[in-house]
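Chains, contacts and geometry: an overview
Listed below are the residues making up each chain.
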Amino acid sequence: MLLASSSSSPKPVVVIVGAGAFGLSTAYHLLERGYTGVTVLDRAEHLPAVDAASTDMNKVVRSCYGDPEYTRLARQAIEEWRNDMWQNCYHECGVLNLGDAYTEQSIINDLKHGAKVERLDSPASIKAQFPSDLYNSGRLGSFTSLDVSSTSYINHDGGWAEAERAVSLLMEHVKKRGVQVLPGKVVQELVKDERGQTKGVRCTDDSEYEANVVILALGSWTASVFPSLNLTGKCLATGQSVATIQLAPEEAEEYRKTPVVLDFRTGFYVFPPTHRNVVKFAIHAAGHTHAVPGSTISTPRTVVSDPGNGQWIPRSVLKELRVQLRSVYPALAEKPFSGTRMCWYTDSPDGDWVIGRYPGDSGLVLATSGSGHAFKFLPTLGKLVVDVIENKLDPKLAARFAVDRQVKPPNGERKSVVSQELNIDELCGPEDLIPAL
């Protein structure tokens, strides 16, 4: 029997655990389909949660995928990013893709789906994608490591989004339309009916929220918060190392009109400066796991759990970031870094998302395992989750995203696929942000 979400609507009542990209996008698309009984619960006292992966200054928005299905979905999302709802959060500066076989397949997929792309077959053609002042002043890498077998191209239909701002806009939007978004709600267990089906959640403050469908969208906390679901092999929390440089306003202007640079050979990527004149860069790799004492489940270690050093990254990765930055912007690589962050992803073994009903429980849906490439789909991601609820998801996608699917080999997008356990003693500190003489 359905709980009544309103006197005139037969739609199920839905509780979403997690107010990040998956959770809020799902809430939005539930509203779009006429759901009125939607509640979003989040552990953080203040939202967006300061340590959520989506609470970030920027994220790459790209359709360059070696997999045509993600290219198709990304092209749909990019169309939505251009809408007024996002208040210019999306900056279409282009994405410069450097690489090999993966990027060769990516350009084929981009062309098939109508993206504005340009193949770049020489270092000179790559450098021509940057402002001429950088090109002519020696502040740009040579790109000579890209040999004749490499594939490089610029996709003009891509760029970056102001991540935290976009999440905030979406949260305020769904709240104005009637969704209850409740911070400070730490869900500790699922409430079951006599048949063992999920019918709600219970929080640590003893409050309970009844629902026809509970959606778990906790990101990198999914496996550790619900160990009984045995999600370790499906939802692995991995810390990704990020660093930033603070530029003076006049310096930032010199780099303002650059594309996002994404090198699939190394995993390195770097953004243009933000409106606060910050340049962010990272390496898209397997990252680090972190098992807390008494558990084998990787659990995020953040500025909330470890305020003293939760933002610091391993020294070895910090050094590699400087090396990779030097290959693109040599002058910036000689500047002090302004900070680091360990950004916690939820990874599946094959890089595909986990969106589907939990096996044997019709009342429980998982929407997680973004695997480092979900945020760009913020405007459209929730459609897939609502399709699951309504049993409308394309069968091929349903099988691909299923919780209990047969795992495929990794998709080849990342530089490495085997994560390392985080060594706290190897974390950098303020003194490591200064370049070595």
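Residues numbered from 1 in each chain as written. Predicted model: local features only at pLDDT ≥ 70, side-chain atom pairs only at ≥ 80, totals over all residues. Heavy atoms only, no water.

**Focus: the sheet that holds strand β12 (residues 208-210)**
The 3 strands lie next to each other as β10-β11-β12, forming an open sheet whose pairing is antiparallel. A strand with exactly one partner marks an edge of an open sheet, and here the two such strands are β10 (187-192) and β12. Taken pair by pair, the neighbouring strands of this sheet meet at an average axis angle of 25 degrees, ignoring direction. The pairing of strand β11 (residues 198-203) with β12 spans 3 bridges and is classified as antiparallel. Bridging across to β12, Arg202 finds its partner in Glu208. (Pairing = 2+ DSSP bridges. Helix = DSSP H or I, 4+ residues; strand = E, 2+ residues; numbered from the N terminus. Axes fitted to C-alpha atoms, helices over the stretch in contact; angles between N-to-C directions.)

**Quick word on the pattern of salt bridges**
In total, this model carries 36 salt bridges according to the counting rule given. Between Arg119 and Glu104 there is a salt bridge, with its nearest N and O atoms 3.1 Å apart. Separated by 15 residues along the polypeptide, Arg119 in strand β6 (residues 117-120) and Glu104 in helix α3 (residues 101-112) bring together distant segments of the chain. Classification of Glu104 by relative accessible area gives partly exposed; the value is 27%. As a salt-bridge pair, Glu254 and Arg139 come within 2.3 Å of each other at their nearest N and O atoms. (Salt bridge = Lys/Arg side-chain N within 4 Å of Asp/Glu carboxyl O. Buried < 20%, exposed > 50% of the residue type's maximum accessible area, 1.4 Å probe, protein only.)

**Concerning a nonpolar patch on the surface**
The grouping of Val50, Val303 and Val304 at the surface amounts to a nonpolar patch, some 230 Å² of accessible area in total. For Val304, the position within the fold is in the loop between β18 (288-289) and α9 (315-328). You can call Val304 partly exposed: its relative accessible area is 48%. (Patch = residues over 30% accessible without salt bridge, like charges linked within 9 Å, V, L, I, M, F, W, Y side chains within 5 Å. Areas by Shrake-Rupley, 256 points an atom, 1.4 Å probe, with all protein chains shown as cover.)

**Some details on helix α11 (residues 381-389)**
A large share of α11 lies buried, amounting to 8 of its 9 residues. Three or more residues of α11 are buried, namely Leu381, Gly382, Leu384, Val385, Val386, Asp387, Val388 and Ile389. Check the buried side of α11 and you find it contacts α1 (21-32), β13 (213-216), β20 (354-357), β21 (364-368) and α12 (395-401). Positive backbone phi, at 55 degrees, marks Asn391, one or two positions downstream of α11. (Contact = heavy atoms within 4.5 Å.)

Purely geometric stuff here, so don't read any function into it on its own.
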